[in-house]
Amino acid sequence: GREAMIAAFKAGIVDGTPWDFEAPLVTANGRLICVQVVGEAVRENGRTVELVGAIQDVTRRTEAERELARSRELLQVTLESIADAVITTNLDGQVQWLNRVAERLTGWTTAEAKDQQLCDVFHVIHEDTRASIADPVSRCLAEGKLTSLADNSVLIASDGSECGIKDSASPIRDREGNALGVVLVFHDVSEQRRMSREMGYRATHDALTGLVNRSEFESRLAKILSQAKHQQHDNALMYIDLDQFKIVNDSCGHAIGDKLLQQVSGMMNACVRSRDTLARLGGDEFGVLLEHCSVDQAERVAQ
C-alpha cells in the first residue's frame, strides 16, 4: 500500500511515469475505503512543475471483485472435491476444463485437453461390441437437454486402460437461457459392474463345476418349451446320473469326489455345442438341453 504509492509518486516526479494504483484510504469520519489513484507529473524543460491526478472511490467494485474471486475459488474447490469426474466444453464441443477425477480417468490434464474435441479426450466404446459410442455432449447440444450414455459404456484412457462409466451431460445456460456449453459428469462403475456380473454368475451357475445350476436350467427349459409352441424345431433333453458315485465319496473322501465331478463335467461339456446347455442339477445328477437337435443327433451325442 503506502510503499507502493510513494514509489509510484517518486517515479512520476523523477521521469514522468504516469501512475495508476489502488490503495486503502481512511476518510475524515474514520471509515476505511479503497480508492483508485491515477495521475501524472507535468514537466517543463525536463523539470516536474506540478502533479495532476484524480482519486476515485472503488470500494464497491473492489468488494464485488473479491466476492467474485471467493465464489470462483469456492466453486473450484467444490468441483475438485466431488467424487465424480467433471468436464466442461464450449458450444463447439471443445474441452475447456477437467477436474482432477476427470484427469485421472481420461489420462489428460486440463492443459493438454484445452480446446481439444471431446471425442479425442473422452473416448467411449460399448463394452460388448467394442464399437465407438457417440459422446453425450453432441446429443446434448443437438437436443438441448440432459442426455446420458448407455449402461455398457467403457472409457478408454490415453494410456489404453479401460473403466466402465455412467454419465450425464447437461447444457450450461446463462440467466437468459442461452446455451454457453455443456457440463459432462461421469464416474467409474467398473467395480459395481464386476460385482453385478459375479453375483449374476453365482446365481445361475454351480460353484463346484462352473456349469449352469438347476434354477437356470429350468428357466432355459421353460423358454425352449415356450418357443417350441410356435417353431417347428426338434429339441432334446437328457438326464444323466453317475452310477455308484457315493462309493467314491465314501472310500476316497469328498475332496476326491469333487475333483471327479469337475473332471467328468469337463468331459461332458466337450461333447456339446456352445449353444447347448449342460447343467449340474444336484449331487451327481446332470441335465443337457440340445437345441435344434434331432433324435438321431441327440443319440449320437449321448453315446
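1. Here we look at the layout of surface pockets
Size it by volume and the largest pocket reaches roughly 180 Å³. Taken together, Met-238, Ile-240, Val-264, Met-267, Met-268, Cys-271, Val-272, Leu-278, Val-288, Val-301, Ala-302 and Gln-303 make up the full set of residues lining the largest pocket. Contributions of two or more residues to the lining of the largest pocket are made by strand 11 (236–241), helix 10 (254–269) and helix 11 (295–302). By residue number, the principal contributor to the lining of the largest pocket is helix 10, which donates 3 residues. Counted by class, the lining of the largest pocket contains 11 nonpolar, 1 polar and no charged residues.

2. Concerning the sheet that holds strand 13 (residues 285–290)
What the 3 strands build is an open sheet, ordered 11-13-12; its pairing is antiparallel. Every interior strand has two partners, whereas the edge strands, strand 11 and strand 12 (277–282), have only one. Here the average twist between neighbouring strands, direction ignored, is 20°. As judged from the 5 bridges shared by strand 12 and strand 13, these two strands associate in the antiparallel manner. Of the residues in strand 13, the one forming a bridge with Gly-282 is Glu-285. Relative to the sheet, helix 11 contacts strand 11 and strand 13, its axis offset from that of strand 11 by approximately 20°.

3. Observations concerning unusual backbone geometry
Even without a glycine there, the phi angle at Arg-130 is positive, about 65°. If you trace the backbone, Arg-130 turns up in the loop between strand 6 (123–126) and helix 6 (136–143). The exposure class assigned to Arg-130 is partly exposed, which follows from its relative accessible area of 42%. In this structure, His-292 takes a positive phi of about 50° despite not being glycine. When you line up the elements, His-292 lands in the loop between strand 13 and helix 11.

4. So, the packing of aromatic side chains
All told, the structure shown has 1 aromatic pair when counted by the stated rule. Judged by centre distance (5.0 Å) and plane angle (55°), the ring pair of Phe-122 and Phe-186 falls under tilted. In this pair, Phe-122 is assigned in the loop between helix 5 (118–121) and strand 6 and Phe-186 in strand 10 (residues 179–188), connecting sequence segments 64 residues apart. A single burial state applies to Phe-122 and to Phe-186, both of which are buried.

5. A short note on helix 6
The set of residues buried in helix 6 consists of Pro-136, Val-137 and Cys-140. All buried residues of helix 6 fall inside an arc of 100° around its axis, so they share one side. If you follow the buried residues of helix 6, they end up packed against strand 4 (85–90), helix 5, strand 7 (147–148), strand 9 (162–173) and strand 10. After helix 6 finishes, the residue Gly-144 shows a positive phi value of roughly 70°.

6. Some points on the side chain of Ser-153
Among the structural elements, Ser-153 can be located in strand 8 (residues 153–156). Using a relative accessible area of 0% as the deciding quantity, one classes Ser-153 as buried. Those residues in contact with Ser-153 that sit more than four places away from it in its chain are Val-124, Ile-125, Ile-133, Cys-163, Gly-164, Ile-165 and Arg-193.

7. A word on the sheet that holds strand 3 (residues 47–57)
Pairing in this open sheet of 3 strands is antiparallel, and the strands run 1-2-3 from one edge to the other. One side of each edge strand has no neighbouring strand; the edge strands of this open sheet are strand 1 (19–26) and strand 3. With strand direction ignored, the average angle separating the axes of adjacent strands in the sheet is 35°. In this structure, strand 2 (residues 32–44) lies alongside strand 3, joined through 10 bridges in antiparallel fashion. From the neighbouring strand, Arg-43 faces strand 3, where its bridge partner is Thr-48.

8. Quick word on the pattern of salt bridges
In the structure shown here, the tally under the stated rule is 11 salt bridges. Residues Glu-198 and Arg-194 are paired through a salt bridge, measuring 2.8 Å at the closest nitrogen-oxygen approach. Here Glu-198 pairs with Arg-194, and both are found in helix 7 (residues 190–204), just 4 residues apart, close to one helical turn. Residue class for Arg-194 comes out partly exposed when judged on its relative accessible area of 38%. Of the charged contacts, one joins Glu-216 and Arg-220 as a salt bridge, the two residues approaching to 3.0 Å between their closest N and O atoms. One end of the pair is Glu-216 and the other is Arg-220, both in helix 8 (residues 214–228) and 4 residues apart, which spans about a single turn. Each member of the salt-bridge network shares a partner with another, and the members are Glu-191, Arg-194, Glu-198 and Arg-202.

So, how was this worked out
Residues numbered from 1 in each chain as written. Predicted model: local features only at pLDDT ≥ 70, side-chain atom pairs only at ≥ 80, totals over all residues. Heavy atoms only, no water. 1 Å grid on protein atoms, 1.4 Å probe; cavity = no way out; pocket = protein on both sides within 12 Å on 5 of 7 lines; lining within 4 Å. Points joined across faces, edges and corners; volume = space filled by probe spheres on them. Helix = DSSP H or I, 4+ residues; strand = E, 2+ residues; numbered from the N terminus. Nonpolar A, V, L, I, M, F, W, Y, C, P; charged D, E, K, R; others polar. Pairing = 2+ DSSP bridges. Axes fitted to C-alpha atoms, helices over the stretch in contact; angles between N-to-C directions. Contact = heavy atoms within 4.5 Å. Buried < 20%, exposed > 50% of the residue type's maximum accessible area, 1.4 Å probe, protein only. Phe/Tyr/Trp six-rings, centres within 6.5 Å; stacked < 30°, edge-to-face > 60°. Arc of directions from axis to C-beta. Salt bridge = Lys/Arg side-chain N within 4 Å of Asp/Glu carboxyl O.

Keep in mind that these numbers describe shape and distance, not what the molecule does.
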